[in-house]
Each structure stands twice: as C-alpha cells, then as structure tokens.
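Observations on the model geometry
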Amino acid sequence: MILDLVFNHAGGSFGAESLWFYDRQKGSADEPPLFWNSLYFSDRGWAGGDVFNFQSEGVRQFLIDNARFYLDEYRADGFRFDEVSVIDNNGYGRGWDFCQALTSTLREHRPSAIQHAEYWPVNSWVVKETFNDGAGYDTTLTDGLRIALRRVLAIASDPNSGALPMQDLGERLAAVYLRDLWRGVQGIENHDLVLQPKGPGDHGRVDRIARVADPANSHSWWARSRSRVSMGLVLTAPGIPMLFMGQEFMEDKQWSDDVVDHPELLLYWDGLAAADPTMRDFLRFTRELIALRWQLPALRGEGFRVVHAHDDNRVLAFHRWVPGDGYDVIVVVNLANVNQYGYRVGFPADGPWSEAFNSDVYDNWVNPRVTGNGGAVFADSTPMHGFHHSAALTLPANSLLVFAR
C-alpha cells in the first residue's frame, strides 16, 4: 500500500479546519491575500492552494514527521509524492534540500519504504543519491514511452497512414537517462491525463488508449488489438509498469473525480459480464501477461537493447535479459494491419525458442483464427541485427509476441 502525499501545496478550498486558520495574524481577513505573513505557507500558489513555506524549519519538520507518522501508525509500504517539481521550483531555494532531508530521514527510519517522485519535466537528478546532490527518491514517473506510443497509435488509427515512428518508439522505450532502468515508472494513462475536462477552457486532457487506438469504435478489432500491444509494451518494457484503474480491462471512458455529477463515468464493471467479450478477454490478457512478467526474470531485469525497428514495416523488436545471468527474452511488436510471414529477427542464441506469449490468442478467447508460430521458433546461424543468429517469424497483425529460452 503506497500513500499519495501532497507536500507541494495545501488547499484548494480553505475552510475553518485548514492550517492557515491556525497561524493567521490578528486582524487577518478570512481568506489569505496574495502575500501575507504565514508560518505554514509562502506567497506561492499551486492547483488552487498555497505552497508550503519550505524555508521554515518548523514546517519542514512538520511534513517529515507527517510522513513518518504514516509509516509507523498506518504501516504504509511507501509514498508517491505529488509533483515534487513544484516543491523544487517554488521553495525559494529550499525546496530541493527539503526533499533531500525528507528522503534521507525516511530511508534511515524505514529503508524498505519506497519513495516515488512525480517530477515534470522528468529530472534524472531526482533519483540520484543525496550525497551526489540528488533528491534521493527511489523512482520517478517517466513519459517517453507514453508520448511515443500515443503518437504511434494516433497515426496508426488513420486508415490512410503509412509508416509508423517505430524507431522513435524504440528509443523512448527505456528511461536510459536514469541511473537504473528500474527507477522509471512507465505508464500510458493516469488520473491527470484522462480526467474528464472540467469546462470549455480545460485543455490538455487525452483520450483513453482504446479510443486513441480507434476513435470510431473503441471495441473494434483495431481498438482491441492495438490496446493489447499498448498494454504489452507497458508490461515488457524496462522499468516499473503503472496501470490506471480500468486500464486492465480496457475501460474507454474518461475518468472523473466527481461521482455526484458524473456517475456515468464510473468504471464499467458490468462490462466483464456483458455479451460482448471485449473487456473480459482483455482482463485475461492483462492478467496472464503480468503472470509471464513474474515467470521471466528478464522482463524485470536491467538488460535492454532495441534489436530492430522498421518504420515502413511497422515492426519493433527488443532484447531483455538479466545482466550476468542471461534469461534472454525477445519481444516483437507488429503494428502492420496485415500478418507478416517469414519476418527475420536477430536472436542472441541458436536453437529452439518458445513462443511464450502471443497477444493474438486473446481476441475472442481462445481466438479460433489465431495467427502465430505454433508455440515455438528455431533460430539458425543466419547473423542479423547484431546477433550471430536469427529466426524467421510469423507476425500476426497488430500483435505483441514474446520469445523465451
């Protein structure tokens, strides 16, 4: 259980119980003006509230003690810290060292507690050690995969499109700028991105993946197959996968934090029992790919290399392994709208490889017209893509395949 701690600001709507009313000066108005003398807050604002005064030792200790309280009394396993970049950028020079004091204290107090930072734009220093001038967090959100994949899907959804930017997708698949690949938390949907627009002037929200995959019909074969590829990349790419609620069964509606005025945007749980098997099949796909991730150490390891990326063919292949131990895995994505036969991809070793996963199996489970390699392929001595060996593969249209030794 990881708690979300919002240390970058307090408020929204300040009421009688807010911290501001604990330390307001005699004669102060009921609402704080733009600049005022406060113990807890600075004159900076964020998201409808006020930024904490990180120059005050008392305030800093108050927040650190609050996090320790959740570790001790609530037995939290760790924290997700909301927009640490706001603390850094609005702390009048004391935001960064507050983060260092926070992470150092919590690590000494409970070394096993994970400390995850949201920082925009992504900043590799946020996960560096404090003794190297980093902020000391364990992990951070990344956006390279999300941006590249959504661009690929948007182009693919145009029936007149040709080449796809698969090379760019491969280059952004791993957060190579972090000191360890596992420190990047990879997600393609989250509560900020897919939030229901709050009004005509509220821009910047994006559709859920099923609607990006096929804007005309979020349950079509195009939507289903491309959504499986998208989820497959999240669960096979380096880093820690992050799924937003409903993503595991292909929810296509925007999310809302207002269940009173928008009850129609609640998760469609009934879809799992509907006559249309789309959501039920997708849940099975997600569940079994997560199980495969646990079975194959390479999918959780640090080893990563793009083997092959071809924009015109719409194919991407990458190698995953555990450095020093092996456990080689090859992941191949085909976003062409047709099956591709005899497609050669380099492999790190010769001999038989199992087709450990084929996303095409999960369309109308079990897919009676599944296309694939019959559960196995054989890598011969034909060198390709930087390897001494390669295998001729059958690639189903809009699919993700995983091959393992």
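A short tour of the structure in this document, coming up.

Cut-offs and rules
- Residues numbered from 1 in each chain as written.
- Predicted model: local features only at pLDDT ≥ 70, side-chain atom pairs only at ≥ 80, totals over all residues.
- Heavy atoms only, no water.
- Helix = DSSP H or I, 4+ residues; strand = E, 2+ residues; numbered from the N terminus.
- Expected span 1.5 Å × (residues − 1).
- Buried < 20%, exposed > 50% of the residue type's maximum accessible area, 1.4 Å probe, protein only.
- Contact = heavy atoms within 4.5 Å.
- Pairing = 2+ DSSP bridges.
- Axes fitted to C-alpha atoms, helices over the stretch in contact; angles between N-to-C directions.
- Phe/Tyr/Trp six-rings, centres within 6.5 Å; stacked < 30°, edge-to-face > 60°.
- Lys NZ or Arg CZ within 6 Å of the ring centre and 35° of its normal.
- Core = buried A, V, L, I, M, F, W, Y, C linked by side-chain atoms within 4.5 Å.
- Parallel < 35°, antiparallel > 145°, perpendicular 65-115°, else oblique.
- Left-handed = near helix turned anticlockwise from the far one by under 90°.
- Nonpolar A, V, L, I, M, F, W, Y, C, P; charged D, E, K, R; others polar.

Some remarks on helix α4 (residues 95-109)
- An ideal rise of 1.5 Å per residue puts 21 Å on 15 residues; α4 measures up with 21 Å between its terminal C-alpha atoms.
- Taken together, the buried positions of α4 are occupied by G95, W96, F98, C99, Q100, L102, T103 and L106.
- Against α2 (57-73), β5 (78-81), α3 (84-89) and β6 (114-117) lie the buried residues of α4.

Some points on helix α5 (residues 144-156)
- Given a rise of 1.5 Å per residue, 13 residues ought to cover 18 Å, and the 18 Å separating the end C-alpha atoms of α5 matches this to within 8%.
- Elements that come into contact with the buried residues of α5 comprise α6 (166-172), β8 (184-186), α7 (209-213) and α8 (221-236).

Digging into the sheet that holds strand β14 (residues 351-358)
- A sheet is described by the order of its strands in space; here 6 strands give the open sequence β10-β11-β12-β17-β14-β15, paired in antiparallel fashion. Since the sheet does not close on itself, it has two edges, and those belong to β10 (303-310) and β15 (376-379), each with one partner. Between one strand axis and the next, the sheet turns through 25° on average, direction left out of account.
- Taken strand by strand, α8 contacts β11 (315-322), β12 (326-334) and β17 (399-404), and its axis lies near 35° from that of β17.
- Against the sheet, helix α9 (residues 278-295) contacts β14 and β17, and its axis sits at roughly 140° relative to β14.

Notes on the sheet that holds β8
- Spatial ordering of the open sheet is given by β1-β5-β6-β7-β8-β9, a layout of 6 strands whose pairing is parallel. Lying at the two open borders of the sheet, with one neighbouring strand each, are β1 (2-5) and β9 (240-241).
- Note that β6 and strand β7 (residues 139-141) share 2 bridges and pair parallel. From the neighbouring strand, A117 faces β7, where its bridge partner is T140.

Section: the side chain of T278
- In this structure, T278 sits in helix α9.
- The class of T278 is buried, set by a relative accessible area of 4%.
- Ignoring sequence-local partners within four residues, the contact set of T278 consists of H219, R224 and M250.

So, the packing of aromatic side chains
- For the coordinates displayed, the defined rule picks out 21 aromatic pairs.
- Ring geometry for F357 and Y362: centres 5.3 Å apart, planes at 20°, overall stacked. In terms of burial, F357 and Y362 fall into one category: buried.
- Within the aromatic cluster, the residues linked to one another by ring pairs are F282, F285, F357, Y362 and W365.
- Lying over the aromatic face of Y92, R44 brings its terminal NZ or CZ to 4.2 Å of the ring centre.

A short note on the nonpolar core
- Counting residues in hydrophobic clusters, the biggest one holds 44 residues, and the most contacted among them are L145, M166, L169, L233, V329, V333 and V402.
- Those elements that provide at least two residues to this core are α5, α6, α7, α8, α9, β11, β12 and β17.
- Sequence-distant contacts of V333, that is, excluding residues within four places in its chain, are made with M166, V229, L233, R314, V315, L316, S399 and L400.
- Counting 34 residues, the second largest nonpolar core, distinct from the first, contains F7, F41, A117 and V127.

Description of the packing of α2 against α4
- Packing of α2 against α4 brings their axes to within 10 Å, and their N-to-C directions diverge by 30°. The angle between the axes of α2 and α4 places the two elements in the roughly parallel class. Remark: the crossing between α2 and α4 carries right-handed chirality. Across from R60, L63, I64, A67, R68, L71 and D72 in α2, the residues of α4 making contact are D97, F98, A101, L102, T105, L106 and H109.
- Residue composition of the contact of α2 with α4, grouped by class: 8 nonpolar, 2 polar and 4 charged.

Considering the pairing of β11
- Where burial is concerned, most of β11 is hidden: 7 out of the 8 residues are buried.
- In the sheet, β10 pairs with β11 via 7 bridges, with the strands oriented antiparallel. Opposite G303, over in β11, you have W321 as the bridge partner.
- In this structure, β11 lies alongside β12, joined through 7 bridges in antiparallel fashion. Looking at the pairing, F318 lines up with V331 of β12.
- Two successive antiparallel strands, β11 and β12, enclose a turn made up of 3 residues, where G324 displays a positive phi of approximately 90°.

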